[in-house]
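# Descriptive structure summary
One letter stands for each residue in the lines below.
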Amino acid sequence: MTPNTDLNIALFERAQALIPGGVNSPVRAFRAVGGTPRFIRRAQGAWLWDANGQRFIDYIGSWGPMILGHAHPAVLEAVHQAARDGLSFGAPTERELELAEEILGLLPSMEMIRLVSSGTEAAMSAIRLARGATGRSKFIKFEGCYHGHADALLVRAGSGLATLGTATSAGVPPEVLQHTLVLEYNAIEQLEQAFALHGSELACLVIEPIAGNMNLVRASVPFMRRCRELCTQHGALLVFDEVMTGFRVALGGAQSLYAREIPGFKPDLTVLGKVIGGGMPLAAFGGPRAIMENLAPSGAVYQAGTLSGNPVATACGLATLRQIKEPGFFAALAARTRALVEGLEGAAAAEGVALCADSEGGMFGFFLLPELPRNYAQVLRSDGARFNRLFHGLLARGVCIAPALYEAGFVSAAHSADDIAQTVAAAHEVFRELSRQ
Ligand code: PMP
C-alpha cells in the first residue's frame, strides 16, 4: 500500500462489498490496467482531486461530456437556477424546445429530435425507429464500435459473413443477435458483399463515424461514401452514432467533416449524448420529420422515458452548447488537443518509443504502434502491457488518461498550455522508462 492511495484502497474495498466490482460502469474498475481506481471527490476545470486530495490533469472528462472542463461557472449557474424551479415534472417544458432548437440549428441533417437520458437508450431507440420506419429487421454494425449495451448490439463478428456473430455478454440469447450483421470497419469490399446478400432486409447501418471505442479510428472518406451510397441504393437508413463525436470533434459533429469531403453528405438518423448534456444524464436522436414522426405518440414506434427532457439536464446541456458556439471555440480546442498529440509524438520519438496519434477537435487517440490502425483487429495489435505501464506512469505523475487502451481521450477548453506541457513532460519521463525496459 503506497501512502498516497490508502483512502482509495479503503473506499474500493467498501465499494466491492456493495456494488458488483465496486463500480457502476465496468471500465472504472481498472481491471484492464490493474491497481486501484481513484475515488473522485471534486473537479474543477481540467483537474480532478481524489479521496487523498491528490490532483490529476483529467483527459477522461467523464468519458466525453466535460468539454468546458469541470464545474464551469455558467453551466453551474444554469443548473442551480433550474434546480430551484423543481427537479423533474414528467411534463413538457419550454427549455426542451430551446435545447431542441439549438441542436437542430447546429445539425442540418436533423429536422426533429427526441430527448432521452443515455446514449444506450438513444442508440437502441434509433435502431427501433429505423426498423419501424423501414419495416425491416436486419442492421449492420462494425467490429470495435460501441453503441451502448442494448442486447442486439452486444455482439462480435462471426468467422465470416455467413456466420452469425456471438454475444459479448452473458444473458444475450443468440436469437436476439440473428438480425445483427457485424462487419469490419473501413472494409469496403465486405460492406458491398453484405449489401449484395442482405440489402433488401436491412433497416439500417449504424456507425461511429470517428470511432472512439477502439481508441480513435476514423472511417475513411471512400468507406463513408460507400456506406452512404449503399444505404440510399438499398433503402436502408444510415445512422450516425455521434454520442462521442457530436459537438466534440466540430460544432457540426463528425457529419459536418464528411460533408466537407462528400458533397451533399448527411446521415439519415443521428444519435447524440455526452456533450449535449454537459455532464448531466441527457442524450437524443433525430433525423428528418418523415422518419421521426413514426415515433409514438405520432406514430407506431414506441419510445418513452420518465426523466426524458429533464429540466435540470436540459439547462445544463443548453448552457454548455451556448458556450461551445462562441466564435473560435473549436479552433482553440483543436489547437490545444493537437499540441498534446504532437507533444506526445515528439516525446515518444525522442526516446525511441513507437507511438502514433491522431486528434479531431477536442478528441484524441494514441497507439503504441508504428502506424495508425484502420480497424479493430489492427487496434488489438497494441501492446497492452506497455500501455498499462504508461497509464500507471502517468497516473503516478498526476495525469489521468482512460484506464484501457480502447478509449479515446478528451481535452477540454479548461486545459491550459501549462497543463499540456506538464502532461508531455510526464509522458516523456515514462517513455524514457519504457525505452529502458
Ligand atoms: N455510443 C457511443 C459512441 C458511445 O461512446 C457510448 C458511451 N461511451 C454510447 C453510445 C452509450 O452511451 P451511454 O453510456 O450514455 O449509455
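Since this is a predicted model, take the numbers as computed values, not measurements.

Turning our eyes to something else, we now look at the sheet that holds strand β3 (residues 55-58). The strand order across the open sheet formed by four strands is β1-β2-β3-β17, and the pairing between neighbours is mixed. Every interior strand has two partners, whereas the edge strands, β1 (40-44) and β17 (399-400), have only one. Direction of pairing for β3 relative to β17: parallel, over a ladder of two bridges. The residue of β17 that forms the bridge with I57 is V399.

All right, on to the UniProt feature "modified residue: N6-(pyridoxal phosphate)lysine" (unreviewed entry) in the chain then. Feature annotation in UniProt places "modified residue: N6-(pyridoxal phosphate)lysine" (unreviewed entry) on K274, given in this structure's numbering. Mapping K274 onto the fold places it in the loop between β13 (269-272) and β14 (283-287). In contact with K274, other than residues within four places in its own chain, are G64, P65, G119, V243 and M244.

With that out of the way, let us pick up the pairing of strand β16 (residues 363-367). Burial within β16 is extensive, with five of its five residues counted as buried. The alternating pattern of β16 places M363, G365 and F367 and F364 and F366 on opposite faces, both of which are buried. Note that strand β15 (residues 356-360) and β16 share five bridges and pair antiparallel. The residue of β16 that forms the bridge with E360 is M363.

Judged by nonpolar contacts, the single largest core of 135 residues is most densely connected at A130, C204, L205 and V239. Structurally, this core is a two-domain feature, drawing no fewer than three residues from each of domain 1 (3-71 + 327-436) and domain 2 (73-324). If we ignore the near neighbours within four places in the chain, the residues touching C204 are I127, A130, F139, A236, L237 and V239.

It is worth spelling out helix α5 (residues 188-198) at this point. For α5, the set of buried residues is L191, A194 and F195. With its buried residues spanning 95° around the axis, α5 presents them on a single face. In α5, the exposed residues that point more than 90 degrees away from the buried face are E189 and A196. Considering only its buried residues, α5 is in contact with β5 (138-142), β8 (180-183) and α6 (221-234).

A few words on the packing of helix α12 (residues 384-396) against helix α13 (residues 417-436). At a minimum axis distance of 9 Å, the contact between α12 and α13 shows a crossing angle of 140°. Taken together, the axes of α12 and α13 are oblique relative to one another. Here α12 and α13 pass one another in a crossing that is right-handed. Residues R386, R389, L390, G393 and L394 of α12 lie in contact with α13, whose contacting residues are A426, A427, V430, E433 and L434. Classifying every residue of the contact of α12 with α13 gives six nonpolar, one polar and three charged.

Cut-offs used in this document
- Residues numbered from 1 in each chain as written.
- Predicted model: local features only at pLDDT ≥ 70, side-chain atom pairs only at ≥ 80, totals over all residues.
- Pairing = 2+ DSSP bridges.
- Helix = DSSP H or I, 4+ residues; strand = E, 2+ residues; numbered from the N terminus.
- UniProt positions renumbered as here; feature names shortened; annotations may be inferred.
- Contact = placed C-beta atoms within 7 Å.
- Buried ≥ 20, exposed ≤ 12 C-beta atoms within 10 Å, placed from the backbone.
- Core = buried A, V, L, I, M, F, W, Y, C linked by C-beta atoms within 7 Å.
- Domains from an automatic or database assignment.
- Arc of directions from axis to C-beta.
- Axes fitted to C-alpha atoms, helices over the stretch in contact; angles between N-to-C directions.
- Parallel < 35°, antiparallel > 145°, perpendicular 65-115°, else oblique.
- Left-handed = near helix turned anticlockwise from the far one by under 90°.
- Nonpolar A, V, L, I, M, F, W, Y, C, P; charged D, E, K, R; others polar.

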